[in-house]
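Report on the structure
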Amino acid sequence: MQRLGKNVGSYLGETIDVHAVLRDIDTAAAFHGWTKEPFYDTGEFRLFGLHRTPDPTPQAPDAKVYVSAGIHGDEPAGPLAIRRLLEQNDWPANLELWLCPCMNPVGFQLNSRTNARGVDLNRGYLNPVAEEVLAHIAWLERQPPFDLCLMLHEDWESHGFYLYEQNPDGKPSFAEAMIEAVEKVCPIDRSELIDGRPAKGGILRPNIKPQDRPDWPEALYLISHKTRQSYTLEAPSDFPLPLRVNALVSAVNTALKRLPVR
Ligand SMILES: [Zn+2]
């Protein structure tokens, strides 16, 4: 499959009606018994987290998992993947789950990576200033530690799907299984250098010391404070949108179905 060639200098593909997507997410979450906790009001939108306990409750979950999407407003596949996952409601019953479906709804109205003030929210998690990030961190601080964190993103320049792994304790990796599953529905970027970092078979395992980086993305906050294993999933946004949604959904389902790792 060839790239569409639409993205010249930025993402120029399909956009979404973010109000409609958030309404669908609300409807599916309420229907399937998720608890919704709003944590920030932009004026037009409310940022929120969703929470689901193991089924049947009460029982101790086998693993606690956090999934976030939509922090970059020019990456529509993430919120659409969350909507699909909520509507399919095929979550492993033994997991406790937290979702932040759309961290930058205003960005989607603008088809912009940043928020309305031009701030890349995903660079502000070390010394947070943006109100969205401050509210998100305050919400995260109220949640327990997570066994696994998944962040859904897109890359307008990439030749296929790829992912970043943060796994400082060398736990059994989900990376290869996710790539293998995604390969069935979406090309994989097998470049040896992606985003300026060495990559192998669509997997980046950068040796990042969080203290050396001033511009923390959400992933570095999470690996420093909330989890010991995380994946940033990057769908290739120069391919058709349905294919990118399939890629993210497939990766998430693959990781969740392999939990817990004893
Ligand atoms: Zn992104």
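In what follows, the accompanying structure is described. Computed from a predicted model, the values in this text were never measured in an experiment. (Residues numbered from 1 in each chain as written. Predicted model: local features only at pLDDT ≥ 70, side-chain atom pairs only at ≥ 80, totals over all residues. Heavy atoms only, no water.)

Here we take up the packing of helix α4 (residues 131-141) against helix α6 (residues 218-225). Here α4 crosses α6 at 25°, and the two axes come no closer than 12 Å. Judged on the interaxial angle alone, α6 and α4 are roughly parallel. Helix-helix and strand crossings are classified by hand; for α4 and α6 the assignment is right-handed. Listed contacts from α6 to His136, Ile137, Leu140 and Glu141 of α4 are Glu218, Tyr221 and Leu222. Tallied by class, the residues present in the contact of α4 with α6 amount to four nonpolar, one polar and two charged. (Axes fitted to C-alpha atoms, helices over the stretch in contact; angles between N-to-C directions. Helix = DSSP H or I, 4+ residues; strand = E, 2+ residues; numbered from the N terminus. Parallel < 35°, antiparallel > 145°, perpendicular 65-115°, else oblique. Left-handed = near helix turned anticlockwise from the far one by under 90°. Contact = heavy atoms within 4.5 Å. Nonpolar A, V, L, I, M, F, W, Y, C, P; charged D, E, K, R; others polar.)

The sheet contact formed by strand β1 (residues 35-41) and strand β2 (residues 46-52) spans six bridges and is antiparallel. Bridge pairing links Asp41 to Arg46 in β2. Here β1 folds back onto β2, and the loop between the two strands holds four residues, one of which, Gly43, carries a positive phi near 110°. (Pairing = 2+ DSSP bridges.)

Attention shifts here to the side chain of Gln229. Its place among the elements puts Gln229 in the loop between α6 and β10 (230-236). A polar contact of 3.1 Å, which involves the side chain of Gln229, links it to the backbone oxygen of Pro172. Discounting chain neighbours no more than four positions away, the residues touching Gln229 are Asp147, Leu148, Cys149, Glu165, Gln166, Asn167, Lys171, Pro172, Ser173, Phe174 and Ile223. (Polar contact = N/O pair within 3.5 Å; in protein donor to acceptor, adjacent residues only side chain to side chain.)

A separate point is the layout of surface pockets. Counted as a void, the largest pocket has a volume near 540 Å³. Lining of the largest pocket is provided by 30 residues; of these, Arg113, Arg123, Tyr164, Asp195 and Glu234 occupy positions nearest its centre. Grouping the amino acids of the lining of the largest pocket by side-chain chemistry returns 10 nonpolar, seven polar and 13 charged. One number sums up the size of the second largest pocket: a volume of about 230 Å³. (1 Å grid on protein atoms, 1.4 Å probe; cavity = no way out; pocket = protein on both sides within 12 Å on 5 of 7 lines; lining within 4 Å. Points joined across faces, edges and corners; volume = space filled by probe spheres on them.)

Distances from the zinc ion to its protein donors, namely His72 (ND1), Glu75 (OE), Glu75 (OE) and His153 (ND1), fall within the range 2.1 to 2.3 Å. Seen from the zinc ion, its four donor atoms lie at angles of 58 to 151°, and the figure they make is irregular. Written as a sequence motif, the donor residues of the zinc ion are H-x2-E-x77-H. Placement of the pair is His72 in the loop between β3 (63-69) and α2 (77-88) and His153 in strand β5 (residues 148-155), with a sequence separation of 81 residues. (Donors = N, O, S within 2.8 Å, 3.2 Å for Na, K, Ca; no water. Tetrahedral: all angles 85-135°; square planar, octahedral: opposite > 155°, others 65-115°.)

This brings us to the packing of aromatic side chains. Summed over the entire model, instances satisfying the criterion amount to eight aromatic pairs. With centroids separated by 6.2 Å and ring planes inclined at 50°, the aromatic side chains of Tyr125 and Tyr221 adopt a geometry described as tilted. Taken as a pair, Tyr125 in the loop between α3 (105-110) and α4 and Tyr221 in helix α6 lie far apart in primary sequence, 96 residues in all. The class of Tyr125 is buried, set by a relative accessible area of 2%. Classification of Tyr221 by relative accessible area gives buried; the value is 5%. Taken together, the aromatic side chains of Phe39, Tyr66, Trp98, Trp139 and Phe146 make up a single cluster linked through ring pairs. Cation over ring: Lys36 sits above Phe48, and NZ or CZ is 4.5 Å from the ring centre. Above the face of the Phe146 ring, Lys226 is positioned so that its terminal group lies 5.7 Å from the ring centre. (Phe/Tyr/Trp six-rings, centres within 6.5 Å; stacked < 30°, edge-to-face > 60°. Buried < 20%, exposed > 50% of the residue type's maximum accessible area, 1.4 Å probe, protein only. Lys NZ or Arg CZ within 6 Å of the ring centre and 35° of its normal.)

This paragraph deals with the side chain of Ser158. Here Ser158 shows up in the loop between β5 and β6 (162-166). Since its relative accessible area comes to 2%, Ser158 is described here as buried. In this structure the side chain of Ser158 is engaged in a polar contact, spanning 2.9 Å, whose partner is the backbone oxygen of Gly160. Setting aside residues no more than four positions away along its own chain, Ser158 makes contact with Arg3, Asp189, Pro236 and Phe239.

Here we come to the nonpolar core. In this structure, Leu86, Leu152, Phe161, Leu163, Tyr231, Leu233 and Leu256 are the most contacted members of the largest nonpolar core, which totals 56 residues. The element best represented in this core is helix α7 (residues 241-258), accounting for 10 residues. Here Leu152 is in contact with Val67, Ser68, Ala69, Gly70, Gly78, Ala81, Ile82, Leu233, Leu248 and Val252, once residues within four sequence places are set aside. In this structure, Ile71, Ala130, Trp139 and Leu220 belong to the second largest nonpolar core, which totals 26 residues. (Core = buried A, V, L, I, M, F, W, Y, C linked by side-chain atoms within 4.5 Å.)

A sheet is described by the order of its strands in space; here eight strands give the open sequence β1-β2-β4-β3-β5-β10-β6-β9, paired in mixed fashion. Among the strands making up the open sheet, the edge pair consists of β1 and β9 (203-204). One ladder, built from two bridges, connects β6 with β9; its direction is parallel. Bridge pairing links Tyr164 to Leu204 in β9.

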